[in-house]
Amino acid sequence: MTMAPSGHGSAPDGEVADSAPSLGDGPVYAGGAAAEAAIAGGPTVLRILLGSQLRKLREAKGVSRDDAGWEIRSSGSKISRMELGRVGFKERDVADLLTLYQVTDEAERASLLALARQANNPGWWHRYGDVLPNWFQSYLGLEASAALIRTYEVQYIPGLLQTREYARAVVLLAHDGAPEEEIERRVELRMDRQKVLVRPGAPQLWVVVDEAALRRLIGGPEVMCGQIAHLIEVAKLPNVTVQVIPFQAGGHAAAGGAFSLLRFPDQELPDVVYMEQLTSALYLDKRDDVDYYAAAMERLCVEASSPADTPAFLRATLHDLQSAHA
């Protein structure tokens, strides 16, 4: 499954200067027939889709951003943020803009107003707001709306494939002084994320992990044995592909660290690169950036053992671990 360059058609666990996702630095967004599919991802992608539709309507009528802003008792910069999906939408503002843009068809107006209401609904992760940083909430919306998620991880097993015990051990690394209730909520959030893999219309997940992530005893030998056994089982899912870069491969294309690539059902939405830091995350959607990371991911897949060899590699690793700690 090759991830072609992004263009216009084309590790993350939430745990420097905040680079919250605007998704506005790259190609201009355009709506599409995938809006219904995007609903499962909550407000993030829905705002982008609605904003792009409003931009297209405004440009078709030759209305400036300042004039549109005046119509909703605001400014041109507010219109810009709305069209990039960076803010929520008041239904009254959307209705006023549709009138300004001479959208008179009742069915079209009703559809866009319904999209505005849906875009304001909180995502499933809203109930975890007390333990969820704002910069990671946007990623959860993108993850839940993606058609394809490709992840490279060097230190940990990716969050979507972690066992409860392993996830707890990872959470404790960063929050060992937190109350037990908070720890459990963070673990439960990670478990809820994994439901995306088994829902109807689940995304394709393609994971490349460094052998170091399999050998590092997060949580101790028993937890790691359970985690590797889980990987063997989850790799059997039809929408999950797992590859391992063995130590013997030497240096490789992503020596800089972990990253994820996301692609969406609407082909007019650009691919997004996600890189997590300790207290923030970086989101890239400029074509040159995405193409660079897509090429790096392709090289990683070539350098890694083939997906067909993954079960045997994992079983051998599990056997080594069990033998060493028998």
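Residues numbered from 1 in each chain as written. Predicted model: local features only at pLDDT ≥ 70, side-chain atom pairs only at ≥ 80, totals over all residues. Heavy atoms only, no water.

A.B. asks: Which parts of the structure should I look at to understand the overall build of the chain?
C.D. replies: A count of helical and extended segments in the chain gives 13 helices and six strands. Counting only residues that meet the buried cut, the chain has 51% of its 326 residues in that class. For the chain, the exposed surface amounts to about 14,600 Å²; the carbon and sulfur share of it is 52%. (Helix = DSSP H or I, 4+ residues; strand = E, 2+ residues; numbered from the N terminus. Buried < 20%, exposed > 50% of the residue type's maximum accessible area, 1.4 Å probe, protein only. Areas by Shrake-Rupley, 256 points an atom, 1.4 Å probe, with all protein chains shown as cover.)

A.B. asks: Looking at this structure, how should I read the packing of helix α5 (residues 91-100) against helix α6 (residues 106-119)?
C.D. replies: Two packed helices can be described by the angle between their axes and the distance between those axes. Between α5 and α6, whose axes approach to 9 Å, the crossing angle comes to 150°. One element, α5, and the other, α6, form an angle in the roughly antiparallel class. Handedness of the α5/α6 crossing: right-handed. Listed contacts from α6 to E91, V94, A95, L98 and T99 of α5 are R109, L112, L113, A116 and R117. (Axes fitted to C-alpha atoms, helices over the stretch in contact; angles between N-to-C directions. Parallel < 35°, antiparallel > 145°, perpendicular 65-115°, else oblique. Left-handed = near helix turned anticlockwise from the far one by under 90°. Contact = heavy atoms within 4.5 Å.)

A.B. asks: What am I meant to see in the nonpolar core here?
C.D. replies: Proteins that are soluble and globular tend to have nonpolar side chains buried together. Of all hydrophobic cores here, the largest spans 50 residues; its most connected members are L161, L205, L262, F264 and Y274. Per element, the largest residue contribution to this core is seven residues, and it comes from helix α11 (residues 221-234). Look past the residues within four positions of L161 in its chain and what remains in contact with it is Q194, L197, L205, V207, Q227, H230, L231, V234, V240 and V242. In terms of nonpolar packing, the next biggest core, distinct from the first, is built from 21 residues, I72, M82, L113 and L115 among them. (Core = buried A, V, L, I, M, F, W, Y, C linked by side-chain atoms within 4.5 Å.)

A.B. asks: Sorry, what's going on with the pattern of salt bridges here?
C.D. replies: Pairs can form between side chains of opposite charge whenever their charged atoms are close. With the rule as written, the count across this model stands at 20 salt bridges. With a shortest N-O distance of 3.0 Å, R73 and D96 are connected by a salt bridge. Taken together, the positions of R73 in the loop between α3 (65-71) and α4 (76-83) and D96 in helix α5 put the pair 23 residues apart, joining distant regions of the chain. E184 is paired through a salt bridge with R168; the nearest N and O atoms lie 2.3 Å apart. In this pair, E184 is assigned in helix α9 (residues 180-193) and R168 in helix α8 (residues 164-175), connecting sequence segments 16 residues apart. (Salt bridge = Lys/Arg side-chain N within 4 Å of Asp/Glu carboxyl O.)

A.B. asks: Please explain the packing of α11 against helix α13 (residues 310-324) as it appears in this structure.
C.D. replies: The contact between α11 and α13 brings their axes to 10 Å, and the two run at 165°. As far as their axial angle goes, α13 and α11 are roughly antiparallel. In the packing of α11 onto α13, the handedness of the crossing is left-handed. Every residue of α13 that contacts α11 at P221, M224, C225, I228, A229, L231 and I232 is listed here: L314, R315, T317, L318, L321 and Q322.

A.B. asks: Would you mind going over the pairing of strand β4 (residues 259-263) with me for this structure?
C.D. replies: Side chains on a regular strand alternate between the two faces of the sheet. Where burial is concerned, most of β4 is hidden: five out of the five residues are buried. Across the two faces of β4 the burial is the same, with F259, L261 and R263 and S260 and L262 all buried. By the bridge criterion, five bridges tie strand β1 (residues 148-153) to β4 in an arrangement that is antiparallel. The residue of β4 that forms the bridge with I149 is L262. In this sheet, strand β5 (residues 272-276) lies alongside β4 in antiparallel orientation, the contact comprising three bridges. (Pairing = 2+ DSSP bridges.)

A.B. asks: Looking at this structure, how should I read α4?
C.D. replies: One turn of the α-helix equals 3.6 residues, which is why residues spaced by three or four share an orientation. Within the span of α4, buried status applies to G76, K78, I79, M82 and E83. Down the axis of α4, the buried side of the element spans an arc of 155°, and every buried residue falls inside it. Phi for G85, located one or two positions after α4, is positive at around 75°. (Arc of directions from axis to C-beta.)

A.B. asks: Where do I start with the environment of L217 in this structure?
C.D. replies: One can find L217 in the loop between α10 (211-215) and α11. Note: C-alpha distance between L217 and Y156 (61 residues apart in sequence) is 10.0 Å.

A.B. asks: Honestly, α6 in this entry has me stumped. Any pointers?
C.D. replies: For α6, which comprises 14 residues, the first-to-last C-alpha distance of 20 Å matches the rise-based estimate of 20 Å (1.5 Å per residue) to within 8%. Every buried residue of α6 is accounted for by R109, L112, L113, L115, A116 and A119. End-on, the buried residues of α6 take up no more than an arc of 155°, which puts them together on one face. Across from the buried face of α6, at angles greater than 90 degrees, the exposed residues are E106 and A107. Where α6 is buried, its residues meet α2 (43-60) and α5. N-capping of α6 is provided by D105, with a side-chain oxygen placed 3.1 Å from the backbone N of A107. (Expected span 1.5 Å × (residues − 1). Polar contact = N/O pair within 3.5 Å; in protein donor to acceptor, adjacent residues only side chain to side chain.)

A.B. asks: Sorry if this is basic, but what is going on with the side chain of R58 here?
C.D. replies: Its place among the elements puts R58 in helix α2. In this structure the side chain of R58 is engaged in a polar contact, spanning 2.7 Å, whose partner is the side chain of E83. In contact with R58, not counting residues within four places along its chain, are V63, S64, R65, A68, I79, E83 and Y101.

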